[in-house]
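# Fold and geometry: a report
What follows is the residue order along each chain.
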Amino acid sequence: MAKTKEQASSTIDPAAACAPEWTEILRQMILIRRFEEATEREFRKGKIGGYLHVYSGQEAVASGIITALTKGDILFTGYRDHAHALALGSEPRRVMAELFGKSTGVSKGKGGSMHLFDVEHGFYGGYGIVGGHLTLAAGAAYALRYQQTERIAVCYFGDGAMNIGSFHEAMNMAGLWGKDGMCPILFIIENNGYAMGTSVERHSALTDLAQRVRAYNIQTEKVDGQDVFAVRGVADRVVRQMRETGKPYCIEAITYRFSGHGAADILQPYRSKDEVEEHRHRDPIGILRNRLGEICGLTDADVKSIEDWAASEVAAAVQFAEESAPPEAEELWRDIVAEHGPVRENE
Amino acid sequence: MSEKSYRDAIRDAMMEEMDRDPNVLIMGEDIGVYEGTFRITAGMLKKYGGKRVIDTPIAEAGMVGTAVGMAMLGLRPIVEMMTMNFAIVAADQILNHAAKVRYFSGGQVDVPVVIRGPQGAGVQLSAQHSQTFESFYAHFPGIKVVAPATPADAKGLLKTSIRGRDPVIFLESAALYGMKGEVPDDPNFTVPFGVSRVAREGSDVTIVSYSRMLQMSLIAAEKLSQDEGIECEVIDLRTLRPLDLEPAYASVTKTHRCVVVQEQWKPFGAAAEIAASITETVFDELDAPVARVTGEDVPMPYARNLELLATPHEQHVIAAVKKVMYANG
Ligand SMILES: Cc1ncc(C[n+]2csc(CCOP(=O)(O)OP(=O)(O)O)c2C)c(N)n1
Ligand SMILES: [Mg+2]
């Protein structure tokens, strides 16, 4: 995706750029990448079942926004949700255990890859029906204001999700409630150029996606989603503003997914190898690393030690998942409703 | 006759009907350039072009609604749902529109739209992606509900669906796509709606089922025959709306015992309707209450061990057959 003129890009103030926090963000993004690579390996080994959608290539969109949040803020997203959980602070080993379907997983092994949930860290879930969670997130944002807090809700979704009815209903209600300062929701469009095998040009009447959000009286801005400085810069400003206004806001992050749509998307007939290669040159991790190297003197040895740390974290997560017990049979019958659950036979 | 997979039988049915009638077209997500997530539509865009093989945005309600409009004007759209789990996004378009316009227009319009796609559990897709929908749709008057168990029926019933005048929910079993069977080559081969068939003859117990559970019931019946000398008669319903229970009644009159098998939840399910009809119609013939084999009454869990516990298997059918024979333990 070519960078458009109106996209925000980062302007660099070396003092700010070299704050230790940026090294932490680099660590987080490298951890996410190594974690996703491990999930792809474990899927091929049959340790992970169902659908598996990885985030490789899009890390700056999760890390740039989520690191700007504070405790108490909440987040909703779709099924491509591992990075969001990790960035919010879910333990990698419990996320991996969920993917392995183990009792120690964040959702007790009952949700799997598409349905990570970790309310303690503000994560209100991964959802599998495209667009279905947007309305939930708008309602949650209303609740935060109703409860007279300054917390905000963040709602991630893909370019493809903008074509489904619930997107429009959620946007209109957020825009409407926002007029009374009652809907502090930050919508993040993860515009990775494709909805499964259909490019934005082929699925959307209007390719300026943010424009569709403006139709609902919601302020928008586009950002280079490969540049975590840019994403974080916008997030810092917008999040602060939203806590005051209680109004919705939408950031369209232009990004790219390096892997297939899901683990089954091997042939990828909708895009060329060259196209993928070209985008790999704008790897968000490489961009941040180079910048920290050029401006702040981050050395190869520094990076190596981060890589080693990430590799051992991920290996430990896999081992933990492997060694954890599957859910006990009784778990099948728990968490269905709070009271008056199903009548079971042979009891 | 040729040996075909269930998947190829479905594709053949659509392509033969598209060759036969220029009013037939297909729309869905990633069915054209991508050739379908289950490759049902492979080669179709190339052969028929983008006007007849329409890649849609992710807009299930939009897809069904526009298809209903096309159908009211005389086209014969097929809507492919990537999986039937997504069709509930379009429930209003299906149940409040497709199923109703003929009636409230006093019969002024036909609505020949086919909504088809895979369903079913078994590959750890967890709660939102593992459901089956026959009971849900069959509750509503105004639509047809089809659930084939074999490649031949998949082809013949789909052709009947496309040629018909009413909205059809055509439920494919994702687990059966690779299954092979003999399929007639005659392009005019069709299978009528509302005609159940005896899939296996037997004299001891009647098993009534459809779709993938029919195949599972046949395996259970073979095991019972070999291991226990129990001979089950297995009835394949093929369509749930219209529902033909005559062969089931005839069979129960012979066996006096009946087991109904369905994949999903027991409460208010297809098996409940079938068991009630059998009880109402041939009550005096029954030597035991009709038994139901169903999935457990829980949302589908992700973990493999829990998923196996939540779904019905051969041994459940075998146990139910023994139960109605009072042969347990
Ligand atoms: C209502 C619905 N229709 C179809 C699907 C199947 N599906 C899953 S992801 C996807 C593509 C979504 O693309 P996008 O919103 O751009 O998100 P991305 O995968 O690119 O992150 C589709 C069609 C679904 N899950 N839900
Ligand atoms: Mg996308």
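To be clear, the structure that these remarks concern was listed above.
Before going into details, it helps to say that this report is about the structure given with it. These figures come from a predicted structure and were not determined experimentally. (Residues numbered from 1 in each chain as written. Chains lettered and ligands numbered in written order. Predicted model: local features only at pLDDT ≥ 70, side-chain atom pairs only at ≥ 80, totals over all residues. Heavy atoms only, no water.)

### Side note on the overall build of chain A
Selection rule: Under the scheme used here, helices are H or I runs from DSSP no shorter than 4 residues and strands are E runs no shorter than 2 residues, and both carry numbers assigned from the N terminus. Just to be clear, the radius of gyration here is over C-alpha atoms, and the globule rule we use is 2.2 Å times residues to the power 0.38. When a residue's accessible area, from a 1.4 Å probe over protein chains only, is under 20% of the maximum for its type it is buried; when over 50% it is exposed; and in between it is partly exposed. When checking whether two residues touch, look at their non-hydrogen atoms; a contact exists if any pair is within 4.5 Å.
Counting secondary structure elements, chain A contains 13 helices and eight strands. Taken over the C-alpha trace, chain A has a radius of gyration of 20 Å; the compact-globule value for 347 residues is 20 Å, and the two agree within 12%. Overall, the C-alpha framework of chain A stretches about 65 × 50 × 40 Å when taken along its three principal axes. By the burial criterion, 57% of the 347 residues in chain A qualify as buried. Excluding contacts between residues fewer than 6 apart, the proportion of contacts in chain A whose partners are at least 24 apart in sequence is 75%.

### Looking at the coordination of the magnesium ion (ligand 2)
Residue and element names in this part refer to chain A. Using the following cut-off: Listed donors are limited to N, O and S atoms within 2.8 Å of the metal, widened to 3.2 Å for Na, K and Ca; water is not among them, so incomplete-looking sites are possible.
Those protein atoms acting as donors to the magnesium ion (ligand 2) are Asp159 (OD), Asn192 (OD1) and Tyr194 (O), and they sit at 2.1 to 2.2 Å. In primary-sequence terms, the residues that donate to the magnesium ion (ligand 2) follow D-x32-N-x1-Y. Here Asn192 lies in the loop between strand 4 (185–191) and strand 5 (194–195) and Asp159 lies in the loop between strand 3 (153–158) and helix 7 (165–178), a separation of 33 residues in the sequence. No difference in accessibility class separates Asp159 from Asn192, as the two residues are buried.

### Section: the state of the cysteines
Worth spelling out the cut-off: Note on terminology: pairs of cysteine sulfur atoms within 2.5 Å are recorded as disulfides.
All told, the structure shown has one disulfide over all chains when counted by the stated rule. Disulfide partner of Cys18 of chain A: Cys296 of chain A, at an S-S distance of 2.0 Å. Of note, the bridge from Cys18 of chain A to Cys296 of chain A carries an S-S torsion of about -85 degrees and is left-handed in sense. With Cys18 of chain A in the loop between helix 1 (14–17) and helix 2 (20–44) and Cys296 of chain A in helix 12 (residues 284–296), the pair connects residues that are 278 residues apart, well separated along the chain. Here Cys18 of chain A falls in the partly exposed class, since its relative accessible area comes to 32%. Note on Cys296 of chain A: relative accessible area 31%, which makes it partly exposed. Left without a disulfide partner, Cys250 of chain A is nearest to the cysteine sulfur of Cys155 of chain A, which lies 9.6 Å away. Not part of a disulfide, Cys258 of chain B finds its nearest cysteine sulfur in Cys232 of chain B, a span of 10 Å. Overall, Cys258 of chain B belongs to the buried group, its relative accessible area being 0%.

### Some remarks on the site of ligand 1
Applicable threshold: Working definition: residue near molecule or strand if any one of its non-hydrogen atoms lies within 4 Å of it. We call two N or O atoms a polar contact when they sit within 3.5 Å, provided that within protein one can donate a hydrogen and the other can accept it, with sequence-adjacent residues counted only if both atoms are side-chain atoms. In this description, accessible areas are obtained by the Shrake-Rupley approach with a 1.4 Å probe, and a residue is regarded as covered only by the protein chains that are shown.
Near ligand 1 there are 22 residues, and of these Tyr79, Arg80, Gly160 and Asn192 of chain A together with Glu60 of chain B occur at the shortest range. Mapping the residues adjacent to ligand 1 onto the chains of the assembly identifies chains A and B. Tyr79 of chain A has a polar side-chain atom sitting 2.7 Å from an oxygen atom of ligand 1. Relative to its unbound accessible surface of 580 Å², ligand 1 loses 97% to contact with the protein.

### Overview of the sheet that holds strand 5 (residues 114–119) of chain B
Residue and element names in this part refer to chain B. For the record, the criterion: Two strands pair if DSSP finds at least two bridges between them. Angular values range over 0 to 180 degrees, each being the angle between N-to-C directions of two axes fitted as lines to C-alpha atoms, with helices fitted over their stretch in contact.
Across the sheet, seven strands lie side by side as 3-2-4-5-7-6-12; this open sheet has mixed pairing. Edge positions in the sheet fall to strand 3 (53–55) and strand 12 (239–241), since each has one partner strand and no second. Pairwise comparison of adjacent strand axes, ignoring direction, gives a mean angle of 20 degrees for this sheet. Of the pairings in the sheet, the one linking strand 2 (residues 24–28) to strand 4 (residues 76–80) comprises five bridges and is parallel in character. Bridge pairing in strand 4 links Gly28 to Glu80. Here helix 3 (residues 60–72) sits on the sheet in contact with strand 2, strand 4 and strand 5, set at roughly 165 degrees to strand 4.

### Here's the deal with the side chain of Asn85 of chain B
Along the polypeptide, Asn85 of chain B turns up in the loop between strand 4 and helix 4 (91–98). In this structure Asn85 of chain B comes out as buried when scored by relative accessible area, which is 2%. For Asn85 of chain B, the side chain forms a polar contact with the side chain of Gln131 of chain B, separated by 3.2 Å. Contacts of Asn85 of chain B, omitting those with residues within four sequence positions, involve Ile129 of chain A together with Gln128, His129, Ser130, Gln131 and Phe133 of chain B.

### Side note on the nonpolar core
Basically, it comes down to this: What makes a nonpolar core is a set of buried Ala, Val, Leu, Ile, Met, Phe, Trp, Tyr and Cys residues whose side-chain atoms join them at distances within 4.5 Å.
The biggest cluster of nonpolar side chains holds 65 residues, and the ones touching the most others in it are Ile65, Met96, Val154, Tyr156, Leu186 and Leu288 of chain A. If we skip the residues at most four places from it in the chain, Leu186 of chain A touches Ile65, Ala153, Val154, Cys155, Val238, Val239, Met242, Tyr249 and Ile251 of chain A. Among the nonpolar cores identified, the runner-up in size contains 48 residues, and Ala98, Ile235, Ala248 and Val290 of chain B belong to it.

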